[in-house]
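# Overview (structure and organization)
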Amino acid sequence: MAQKDKTRSAFDKYGWFIFALLIVFEYLIFRSFVVNEIAPFYPTSHDQTSYLQMTYRLYDLMLKEGVFAGLRNALSQPAATGMFMPIQGALFFMLAGASRLSALTTNFIYFALLQFFVILTARSIWRGWTWPAIATGFILGLGTPFFGVGDLTDYRMDFLALCLFGIVISTVVASRVFEERRWALLGGVLAGFLILLRFLTAVYLAGIYGFVLGFLLVRYWMKKQPKESLARMKNLLWSGASSLIIAVPFLVNNRQAIFNYYVVNHFLNSEKAVRAAEQGVNSLFGHLAFYPISLLKHIGIVGLFLIALLGIAAIASRYGKNHTYRPEVHLPVGETLAFLGASVVIPIVMLTADMSKSPIVVSIVLIPLLWGIIIIAFQLCTTPKVGGSSGFDQRIISIFAALALAAGLIHYTINMTDRRPLYDRRADADTIKAMYLDIGNYAERQGLKTVNVFFATETLDFFGPQVFVTIYYEEEHRLIDADLMVGGVANTPSFKNIEPLLRKSSFVVVDGMLGRTSLLFPFDKAMAANLPQIKALLDKQFVRFGSYYAFGRSIDVYVKRGTTPSDKP
C-alpha cells in the first residue's frame, strides 16, 4: 500500500482555509497599493485609458437608462479586439461603484480565480497540497503581475486574458486532456468567454484544439488506446462546440471591425512597421527572438530562480535516500505535455508571424508553460521501479514547496509595497490632472454640449482624449460628451487635413517640446512639420486658455474665440 503523504494531515484539514487567508492577504496589500500608488494619478499607457473610458461610458448609460439598455448598447457597438471587458467592468461598478480601484479589482478577481483553478487542478492530479503550493508560489513569483504595463494594476485585457486562458488550460489538464466530459465542457464555456474578452484568442484556441484533435486521430489510427482516443475526441468536439456557440455570433457581428484592426493595421498598412520600430525590432533575428526574450522577462528573476531550484529539487528527490512516498497520479503525461506544448508554441508562432510587436501579449502562455514545467519536474522526481512502484524523497519536494510559496509571497509583497515612478513625480502628474479638470470645468460652465479637443502634440501617455475623459469622470463623476480629435501613430496628416479639425475644435493642446526632441511616430513628425501653420491659425481663431508645466515641458492650451462674450476664458 502506498504510504500516505505526511504533508496531507494538516493541509487536508486547513488547506482551503489557508488559501482563503492567502487571497485576503493578497487583496489587502493590492488595495492599499492601488489606493496610494495608482488611483491618485492619471492612468498611464494609452490602451488602458481607452478601456477605462469605454467602461465609464457604459456604466453611466446603465445608470441613466438601466442595465439591460446598457447591455444592448454595448453588444450592438462594433468591437475590434474584444467586447467583454467594459461589460464586466460596468456590471461590477453597479455593485462596487465606479472608480479606478473598482476597475482594477476585476483584475484581482481574475488573478484569485486563476490561483483557485490551478490549485483545484493540482489537487485533482496529486491529491495533496505539496504541488499546489509549488504552483501558487510560481504564480506569485512571476514578473507579469508587476510588469508595469499589462499587469495586475493596468486596466487592459492582457492580464485578464492571461488569467482566463490559464483557467481554460487548467480545466483541460483537469479533464485529463478531454477524458472527463464535465471538465471539458467547463473549459469550452470558459473558452467562449475568453474569446469574447479577446477575439484574437479564437485563433490560438483553434490551433490548439486542432493540434490535439490531430494528435488523438493519429493515436486512434495507430490503434493506441482507440476507445480512449475516440472518447477524448468526442469530448473535445463538445468542448469546442460550446465555445463556438457562445463566441461565433459576436465574432460574425464584429467581423468588419476585427478585419480592419488585425488584418489592415497589422498586415496591410504602415502601422505594423511603426510598432516594430517602437520596440527596436529591425531584423529577422529580432522578429524571431522578440517573444522568447519577452517571455523570459514575464517569467522574471524570481520565476527563473524557482524553475532552476525546482529542477535541482526534483533530481535530488529522485536520488534521495528516503524513497517512501508513492504518489497517486491521475494524469496521462504524454497527452498532457503535448497539449501544453501546443498551448505555448502555437500562440508564440502566431504572434511572431505578425510584424507588429508588443512585449505584453506573450504573457498569455505563462500558465501552460508553468504546468509543463511542474509536470516535467514531477516526472523527474519519479524513480525507476523500487519495490514494485515508483517513488521519491518527499521531504526534499516538501521543503521546496515551502520555499517556493514563501518566495512567491515575499516577491508579491515587495512589489505591492514598492513606489511607482509617478509617486516621485506627483507634482507633474497633478499638473496634468489640473489641466484636464480646467478644460472640463470650463466647458461645462459655458454649456458646451460637445467638447472637441485637438492634440497637436507628441503621443505621450498623458496626452490624449481618453485621458481627459477618464480623469474628469474619476474626479468630478460627470461624463464629458467629447468628440475628441487625434491622429493615429502611423498617420501623417498635412495641414490641409488638419485645418478642418482645428476649425471644429473647442480646445487645442500644444506640447512646447514638439519639434525640439527626436520623434518616433509619424504622427508626431507631421505635427512638428505643420506646427508653424497650426500656430498661425491659433493666433487668428483661438485665445490662450492656460499654460502648464509638467515633466520638463511647457503645455499650452487654447480655446476658440467666441466661447465667451469677452473672448477670455
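Each value, and the rule that gives it
Residues numbered from 1 in each chain as written. Predicted model: local features only at pLDDT ≥ 70, side-chain atom pairs only at ≥ 80, totals over all residues. Heavy atoms only, no water. Helix = DSSP H or I, 4+ residues; strand = E, 2+ residues; numbered from the N terminus. Rg over C-alpha atoms; globule rule 2.2 N^0.38 Å. Buried < 20%, exposed > 50% of the residue type's maximum accessible area, 1.4 Å probe, protein only. Contact = heavy atoms within 4.5 Å. Areas by Shrake-Rupley, 256 points an atom, 1.4 Å probe, with all protein chains shown as cover. 1 Å grid on protein atoms, 1.4 Å probe; cavity = no way out; pocket = protein on both sides within 12 Å on 5 of 7 lines; lining within 4 Å. Points joined across faces, edges and corners; volume = space filled by probe spheres on them. Pairing = 2+ DSSP bridges. Core = buried A, V, L, I, M, F, W, Y, C linked by side-chain atoms within 4.5 Å. Phe/Tyr/Trp six-rings, centres within 6.5 Å; stacked < 30°, edge-to-face > 60°. Axes fitted to C-alpha atoms, helices over the stretch in contact; angles between N-to-C directions. Salt bridge = Lys/Arg side-chain N within 4 Å of Asp/Glu carboxyl O. Expected span 1.5 Å × (residues − 1). Parallel < 35°, antiparallel > 145°, perpendicular 65-115°, else oblique. Left-handed = near helix turned anticlockwise from the far one by under 90°. Nonpolar A, V, L, I, M, F, W, Y, C, P; charged D, E, K, R; others polar. pLDDT = per-residue confidence, 0-100.

## Concerning the overall build of the protein
Within the protein, the regular secondary structure consists of 21 helices and 4 strands. Computed over C-alpha atoms, the radius of gyration of the protein comes to 27 Å, within 12% of the 25 Å expected from 2.2 N^0.38 for 569 residues, which places it in the range of a compact globule. With respect to the three principal axes, the spread of C-alpha positions in the protein is 95 × 50 × 50 Å. Residue burial in the protein is summarised as follows: out of 569 residues, 54% are buried. A fraction of 82% describes how many contacts in the protein between residues 6 or more apart in sequence connect residues 24 or more apart. About 24500 Å² of surface is accessible on the protein, with carbon and sulfur atoms providing 63% of the total.

## Describing empty space enclosed by the protein
The full count for this structure, using the stated rule, is 3 cavities of 30 Å³ or more. Lining the largest cavity are Phe138, Leu142, Ile299, Gly303, Ile307, Leu366, Leu369, Leu370 and Ile373. Among the secondary structure elements, those contributing two or more residues to the lining of the largest cavity are helix H13 (284-318) and helix H15 (366-381). When residues of the lining of the largest cavity are assigned to their parent elements, the largest contribution, 4 residues, is made by H15.

## Some points on the side chain of Thr81
Tracing the chain through its elements places Thr81 in the loop between helix H3 (67-76) and helix H4 (84-96). Overall, the relative accessible area of 14% leaves Thr81 in the buried class. Those residues within four positions of Thr81 in sequence are excluded, and the remaining contacts are Tyr51, Met157, Leu197, Arg198, Phe199, Tyr261 and Tyr262.

## Section: the pairing of strand S1 (residues 453-456)
Neither face of S1 is left uncovered, since the one carrying Val453 and Phe455 and the one carrying Phe454 and Ala456 both have all their residues buried. The pairing of S1 with strand S2 (residues 507-511) spans 4 bridges and is classified as parallel. Residue pairing for S2: Phe455 is matched across the bridge by Val509.

## What to know about the nonpolar core
Formed by 124 residues in total, the largest nonpolar core has its most connected members in Trp126, Trp131, Phe339, Trp371 and Tyr412. Not counting chain neighbours up to four residues away, the residues in contact with Tyr412 comprise Glu26, Ile29, Phe30, Phe108, Phe111, Leu140, Phe146 and Leu152. One finds Ala443, Val451, Val453 and Tyr548 within the second-largest nonpolar core, a separate group that totals 33 residues.

## A look at the packing of aromatic side chains
The tally for this structure, following the rule as stated, stands at 30 aromatic pairs. Aromatic pair Phe111 and Tyr412: ring centres 6.4 Å apart, planes at 10°, arrangement stacked. Here Phe111, found in helix H5 (residues 100-126), pairs with Tyr412, found in helix H16 (residues 394-415); they are 301 residues apart in sequence, far enough to count as distant. For Phe111, a relative accessible area of 2% puts it in the buried group. Residue Tyr412 is classed as buried on the basis of its relative accessible area, which comes to 0%.

## Quick look at the sheet that holds S1
Within a sheet, each strand pairs with its neighbour through backbone hydrogen bonds, oriented either parallel or antiparallel. Ordered by their spatial adjacency, 4 strands build an open sheet running S1-S2-S4-S3, and the pairing between neighbours is mixed. Strands with a single pairing partner mark the edges of an open sheet, and in this sheet they are S1 and strand S3 (542-550). Geometrically, the sheet is characterised by an average inter-axis angle of 20° between neighbouring strands, direction not taken into account.

## Observations concerning the pattern of salt bridges
When the charged atoms of two side chains with opposite charge come close together, those side chains can pair. For the structure shown, the criterion picks out 17 salt bridges. With its nearest N and O atoms 2.4 Å apart, the salt bridge here joins Glu37 to Arg419. Of this pair, Glu37 sits in helix H1 (residues 8-38) while Arg419 sits in the loop between H16 and helix H17 (421-424), and the two are 382 residues apart along the sequence. For Glu37, a relative accessible area of 5% gives the class buried. With a shortest N-O distance of 3.4 Å, Arg156 and Asp47 are connected by a salt bridge. Taken together, the positions of Arg156 in the loop between helix H6 (130-141) and helix H7 (157-174) and Asp47 in helix H2 (residues 46-65) put the pair 109 residues apart, joining distant regions of the chain. Here Arg156 falls in the buried class, since its relative accessible area comes to 4%. According to the relative accessible area criterion, Asp47 is partly exposed, its value standing at 41%.

## Looking at helix H8 (residues 181-197)
Relative to the 24 Å expected for 17 residues at 1.5 Å per residue, H8 spans 24 Å between its end C-alpha atoms, a close match to the ideal helical length. Residues Trp183, Ala184, Gly187, Gly188, Leu190, Ala191, Gly192, Leu194, Ile195, Leu196 and Leu197 constitute the buried set of H8. Buried residues along H8 sit in contact with H4, H5, H7, helix H9 (201-221) and helix H10 (226-253).

## Description of the packing of H9 against H10
Helix-helix packing: each pair is described by the crossing angle between the helix axes and the interaxial distance. Running from N to C, H9 and H10 point in directions that differ by 160°, and their axes come no closer than 10 Å. As judged from the angle between their axes, H9 and H10 are roughly antiparallel. The handedness of the crossing between H9 and H10 comes out as left-handed. Along its contact with H9, which presents Ala202, Tyr209, Val212, Leu213, Leu216, Leu217, Arg219 and Tyr220, the element H10 presents Pro226, Ser229, Leu230, Arg232, Met233, Leu236, Ser239, Gly240 and Leu251. Grouping the amino acids of the contact of H9 with H10 by side-chain chemistry returns 12 nonpolar, 3 polar and 2 charged.

## Side note on the packing of H9 against helix H14 (residues 333-353)
Running from N to C, H9 and H14 cross one another at 140°; their axes reach a closest spacing of 9 Å. Considering the relative orientation of H9 and H14, their crossing is right-handed. Taking contact as the criterion, the partners of Val203, Tyr204, Gly207, Ile208, Phe211, Val212, Phe215 and Arg219 in H9 are, on H14, Glu335, Ala338, Phe339, Ala342, Ser343, Ile346, Pro347, Met350 and Leu351. Classifying every residue of the contact of H9 with H14 gives 13 nonpolar, 2 polar and 2 charged.

## Structural notes on the confidence of the model for the protein
Where the model shows low pLDDT, its predicted coordinates should not be examined in detail. Summing up the model confidence of the protein, the mean pLDDT is 88 and the portion of residues at 70 or higher is 90%. Of all helices and strands in the protein, the one with the weakest mean pLDDT is helix H12 (residues 271-278) (69), whereas H7 scores best (97). Of the regions scoring below 50 in pLDDT, residues 385-389 engages in 4 contacts with residues more than four places distant in sequence or in other chains. Overall, residues 565-569 carries pLDDT values under 50, and its contacts beyond four positions in sequence, including any with other chains, amount to 8 contacts.

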